[in-house]
Amino acid sequence: MLQIKLPSLRYSNVFRFLVIFDMIILTIMWIIGSSIDEKSELNQIIKFHFTESIFDIVFLSSFKALILFILISEIESSCYKIAINTANQVKKSQSVDISSSTNTDDTESLIDTQQNSNGDNSVKKYLQAFTLVISLVSFAFILVKFGFVTNLFINAKKNDDKYPMSIYFYAILITEMIFCFLEFLLSLLNWRFMRNFAKLVCSKALANETEAIDDKKKVNIRRLISLSYPERYFIFSAFIMLIVSSFTNIVSPYFFGSVVDSAVNYTDLSKMNKYIFYLLGIYLIGSLASGIRSWLFEVAGQRVVARLRRQVFNAIIKSDITFFDTSRTGELTSRISSDTQVLQSAVTTNISMFARYFLQIIGSIIFMFSLEPSLSGLLIGVIPIISLLTVQYGRYLKKLKKKFQDELAASSVVAEETISSMRTVRSFAAEGKMSKEYEINIGKSFDIGKKLAVAQGGFMGFVGMISGGALALVLWYGGKLVHDKKISTGILASFLMYTLQVAMAFAFLSSVYGDFMQALGASQRIFELLDRDPLIKLNSGIIPADEDSFDGSIEFEKVDFSYPTRPQSQVLSNVCLKIEKGKTIALVGPSGGGKSTIFALIERFYDPLAGSITLGPRNFDLKSINTNWLHSKIALVSQEPVLFGGTIKENISFGLNDEIDTEQIIEVSKLANAHDFIINFEKGYDTVVGEKGIRLSGGQKQRIAIARALLVNPKLLLLDEATSALDSESEHLVQEAIERAMKDRTVCVIAHRLSTVRNADRVIVLENGQIVEQGTHEELCSIDGIYKRLVLKQLLSKETVINDS
Ligand SMILES: Nc1ncnc2c1ncn2[C@@H]1O[C@H](COP(=O)(O)OP(=O)(O)OP(=O)(O)O)[C@@H](O)[C@H]1O
């Protein structure tokens, strides 16, 4: 999405700030209040009473903060999308004057139209209504509670009774009431402010005339987490399980301490047995919830990584050919397999771990405070040191992991190239050299891996040391308090368990954070691939309704071209060329003259730099045509056809979506002189041809490629004659197949044989990217030019090949 700079002081930010501020203030007030008030907060949790307990208000504020925060963010992002879509539509249609519409009612009415016709909007409406309901319900709840408590206060005053709540907690109640009122007010204003927000985004997007509106985003934690958005239901359920298991973790030390206290203080064991029973129940629920949580997160992780792999693969295969001119296969496959794997745990399990340990730390600290504030103070001092260190460590890991994945991808390039060209490697006895090259590359990633290991080990050790130190300190100070009879042994035992939990949670949290940062490093290249906009988009552009709109004819008009990877060397200049319907055009000329480039432009692998290429009698510009449609009308038989690892049948029907029946395949194979050799194989058409057709001879591969082209029944056939010598029998069969394929069709052939050029309707001679001669074979032989020289050279050497290749 276009990165539109939004004002920081905007409605959603104010709302988000308010709910978070509400949560923090309430939690702080609760912790302070519960450590000062003699009523144990713990008892209030266990024995909840509407007019006496206060923790429900704190929980309400925290949950509400979480839900409202998410809702407001979602509403804003829907509005943003709607506004950008509106802007895109305006830009596309250009029906509205951009400069004058930015601040007028036009934008507003356009947004309205877009909102009414958009699916995002119905979601947005529900979210807005939900926001209002949540804030209204919380406000109502707090008002009712306030009413009841105030009533009790008044009665208590009259009757000289004890107040139902301490003054601290009454202050919490009033504070939350004010917050709830403000939140409710803001929710009411949601519609109005969001409408203004959409207007603002739309006008900013429209005003930004020079920049295209695209979907590029920065790579950050938010984007990383957004990968798991489609799995939100799994993750949400897993989170519920996580809250249950964290809760059991938080309360279990309390019961643990109670067991110790009841064993020390009572002669009767029944109280201890009761606590043990509770403890067992808590452990059982905790482990069940843990198991389900882990299963749900794992499934979500697997789904995320599978989807990501599909997306990356699709992004790669939909890229333009220029992209493949600059990328290496091994690197791309490494991105799909290795980089995506690193992300798997980060976007699911790590989020869960993060939330789990975070909750555990917060919960444990709250319980520790209510048990013994002075002991807790000791621990709190350690937290900033670890936090600071963790952030630095995370940054370092992110950088290192990106380098590591890059080096890994580089070694995959060597592996892929070696394995896929094993015959060449073997024939040059280059195994040793390739092995050394791989070793060097893998050595580089290993060196970074070692640094990663040192960083991880060192950091974990450091965190362990700090946690151990904190534990010893707590033990020493706690022991002193027990000795002075200020706290019971049970409280110390509970406290030590909480300390251990917090220390462990910190250690895990740091390591999870490290993993997260590593994933961020690894994800950079993946997002680069996903964000890449192909220069030539597949499956876009017009599909002519009329089948006759392309009859095979094609025209080049003053075409200039150079490859994007080598822009300084012009490969075609001022090429004017007409391929008429039903005619055969032969392209000849010295090697490197630009013949294959002409084919590449007809296939629209690239676009010309200047001039135009038009199709059919209605002169459709090639750039405006849907490329998939184009490729269904044109077939290319190349010099060295590439087959895929499947069966012969699959190879012949390759790329055709409809079910092709075997009869048709046999028919085209017969025409291509392939049927006889195919049925001689044991499995006939179901014979597997091996990777890239390695189990077939050159001539056989060519005949299969011809059968493939015949099955497409193209309007235009592009043929690159083989230069590699086949034995005469095979050559005869291939030649015959080619002649049959060319019959009654528009053909453009890169000719290497005299017989082909003789039969062509027109011969075009290309040299250094320019058409230097054209005419029939006889016409060109009658002038003293390049063509005549080529023919003479071929006749003198008694070869059939005509080009200088
Ligand atoms: N993908 C590419 N990227 C950059 N330059 C290229 C690319 N393909 C070809 N070229 C360059 O473009 C020029 C024309 O190449 P082209 O393959 O069209 O010649 P050709 O006449 O078909 O040669 P041959 O008969 O040897 O196949 C050559 O100089 C070549 O090096």
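None of these values were measured; they are calculated from a predicted model. (Residues numbered from 1 in each chain as written. Predicted model: local features only at pLDDT ≥ 70, side-chain atom pairs only at ≥ 80, totals over all residues.)

A. Inspection of the overall build of the protein at higher detail. Regarding its fold elements, the protein presents 29 helices and 10 strands. Intrachain contacts of the protein at a sequence separation of at least 6 include 82% that bridge at least 24 residues. (Helix = DSSP H or I, 4+ residues; strand = E, 2+ residues; numbered from the N terminus. Contact = placed C-beta atoms within 7 Å.)

B. Expanded view of the site of the ligand. Around the ligand, the structure places 14 residues, and the nearest of them are Tyr 563, Ser 591, Lys 595, Ser 596 and Thr 597. If one sorts the elements of the shell around the ligand by residue count, helix H20 (residues 595-602) sits on top with 3 residues. When grouped by side-chain class, the residues that make up the shell around the ligand number 2 nonpolar, 9 polar and 3 charged. (Near = placed C-beta within 6 Å. Nonpolar A, V, L, I, M, F, W, Y, C, P; charged D, E, K, R; others polar.)

C. Spotlight on the sheet that holds strand E10 (residues 770-775). Across the sheet, 6 strands lie side by side as E6-E7-E8-E3-E9-E10; this open sheet has mixed pairing. Among the strands making up the open sheet, the edge pair consists of strand E6 (634-637) and E10. Going from strand to strand, the sheet's axes swing by 20 degrees on average, the running direction of each strand aside. Lying on the sheet, H20 is in contact with strand E3 (584-588), E6, strand E7 (716-720), strand E8 (746-750) and strand E9 (762-767); it crosses E7 at an angle near 150 degrees. Helix H25 (residues 698-712) contacts E6 and E7 of the sheet and is inclined by roughly 175 degrees relative to E6. (Pairing = 2+ DSSP bridges. Axes fitted to C-alpha atoms, helices over the stretch in contact; angles between N-to-C directions.)

D. Focus on the sheet that holds strand E2 (residues 572-579). Here we have 4 strands laid out as an open sheet, ordered E2-E1-E4-E5, and antiparallel in their pairing. The sheet terminates laterally at E2 and strand E5 (620-621), the two strands that pair on one side only. As paired strands, strand E1 (residues 554-561) and strand E4 (residues 610-615) are joined by 5 bridges and run antiparallel to one another. Residue Asp 560 lies in a different strand from E4, and its bridge partner there is Ala 610.

E. Broad picture of the pairing of E4. Here E4 runs beside E5; their pairing, made up of 2 bridges, is antiparallel. What sits directly across from Thr 614, in E5, is Asp 621. Between the end of E4 and the start of E5, which pair antiparallel, lie 4 residues, with Gly 616 showing a positive phi angle near 65 degrees.

F. Region of the structure containing the pairing of E8. In terms of burial, E8 is a largely internal element, 5 of the 5 residues being buried. Because side chains alternate across E8, one face comprises the buried residues Thr 746, Cys 748 and Ile 750, and the other comprises Val 747 and Val 749, equally buried. One ladder, built from 4 bridges, connects E3 with E8; its direction is parallel. Counted as the bridge partner of Thr 584 is Val 747 from E8. As judged from the 5 bridges shared by E7 and E8, these two strands associate in the parallel manner. For Leu 716, the partnering residue across the bridge sits in E8 and is Thr 746. (Buried ≥ 20, exposed ≤ 12 C-beta atoms within 10 Å, placed from the backbone.)

G. The arrangement of unusual backbone geometry in detail. Non-glycine residue Asn 713 carries a positive phi angle of around 50 degrees. With respect to the secondary-structure elements, Asn 713 resides in the loop between H25 and E7. The backbone phi angle of Asn 768 is positive, close to 45 degrees, even though this residue is not glycine.

H. Molecular detail of the environment of Thr 333. Structurally, Thr 333 is set in helix H13 (residues 329-347). The partly exposed category is assigned to Thr 333, around which 17 C-beta atoms lie within 10 Å. Put simply, Thr 333 and Ser 412 are 79 residues apart on the chain and 7.9 Å apart in space, counted from C-alpha to C-alpha. Contacts of Thr 333, omitting those with residues within four sequence positions, involve Ser 412 and Glu 416.

I. Structural detail: the nonpolar core. Membership of the largest hydrophobic core comes to 68 residues, with the highest contact counts inside it found for Ala 586, Leu 587, Val 588, Ile 706, Ala 707, Leu 718 and Val 763. For this core, the element with the highest residue contribution is H25, accounting for 7 residues. For Val 763, the residues in contact, after removing those within four places along its chain, are Ala 586, Val 588, Val 757, Gln 774, Gly 775, Thr 776, His 777, Leu 780 and Tyr 787. If you look at the next biggest cluster of nonpolar residues, it comprises 56 residues, including Leu 242, Ile 351, Phe 495 and Phe 506. (Core = buried A, V, L, I, M, F, W, Y, C linked by C-beta atoms within 7 Å.)

J. Structural context of the packing of helix H10 (residues 232-265) against helix H19 (residues 489-531). Look at H10 against H19: their axes get within 7 Å of each other, and the N-to-C directions meet at 155 degrees. The angle between H10 and H19 falls in the class roughly antiparallel. Note on packing geometry: the crossing formed by H10 with H19 is right-handed. Of the residues in H19, those in contact with Asn 249, Pro 253, Tyr 254, Phe 256, Gly 257, Ser 258, Val 260, Asp 261 and Val 264 of H10 are Thr 489, Gly 490, Ile 491, Ala 493, Ser 494, Met 497, Tyr 498 and Gln 501. When grouped by side-chain class, the residues that make up the contact of H10 with H19 number 9 nonpolar, 7 polar and 1 charged. (Parallel < 35°, antiparallel > 145°, perpendicular 65-115°, else oblique. Left-handed = near helix turned anticlockwise from the far one by under 90°.)

K. Focus on helix H11 (residues 270-317). Taking 1.5 Å per residue, 48 residues should reach 70 Å; H11 reaches 70 Å between its end C-alpha atoms and fits that length. Looking at H11, one finds that the buried residues are Ala 289, Arg 293, Leu 296, Phe 297, Ala 300, Gly 301, Val 304, Leu 308 and Val 312. (Expected span 1.5 Å × (residues − 1).)

L. Main features of the packing of helix H23 (residues 662-671) against H25. Between H23 and H25, the least distance of the axes is 8 Å, while the angle of their chain directions is 125 degrees. When the axes of H23 and H25 are compared, the pair comes out oblique. The hand of the H23/H25 crossing is right-handed. Touching Gln 664, Ile 665, Val 668, Ser 669 and Leu 671 of H23 are Ala 707, Leu 710 and Leu 711, all from H25.

M. Examining the environment of Ile 613 more closely. Looking at the element boundaries, Ile 613 is found in strand E4. Taking the number of C-beta atoms within 10 Å as the measure of exposure, Ile 613 has 22 and is therefore buried. Once the C-alpha coordinates of Ile 613 and Leu 601 are considered, the two residues, 12 residues apart in sequence, prove to be 8.4 Å apart. The contacts of Ile 613, once residues within four sequence positions are left out, are Ile 554, Phe 556, Val 559, Leu 601, Pro 608 and Leu 622.

N. Structural detail: helix H7 (residues 167-188). Between its first and last C-alpha atoms H7 spans 32 Å; for 22 residues at 1.5 Å apiece the expected length is 32 Å, and the two agree. Of all the positions in H7, only Phe 169, Ile 172, Glu 176, Phe 179, Cys 180, Glu 183, Leu 186 and Ser 187 are classed as buried. Angular distribution of buried residues about the axis of H7 spans 120 degrees; they occupy a single face of the element. What points out from H7, more than 90 degrees from its buried face, is the exposed set Ile 167, Ile 178 and Leu 185. (Arc of directions from axis to C-beta.)

O. View of the confidence of the model for the protein. A residue-level look at the protein finds 86% of positions with pLDDT of 70 or above and a mean pLDDT of 79. Below pLDDT 50 for its whole length, residues 95-104 participates in 13 contacts with residues either more than four positions away or in separate chains. This model gives residues 209-216 a pLDDT under 50, and the stretch forms 12 contacts once residues within four places in sequence are excluded. Here the predicted complex carries an ipTM of 0.96, next to a pTM of 0.64. (pLDDT = per-residue confidence, 0-100.)

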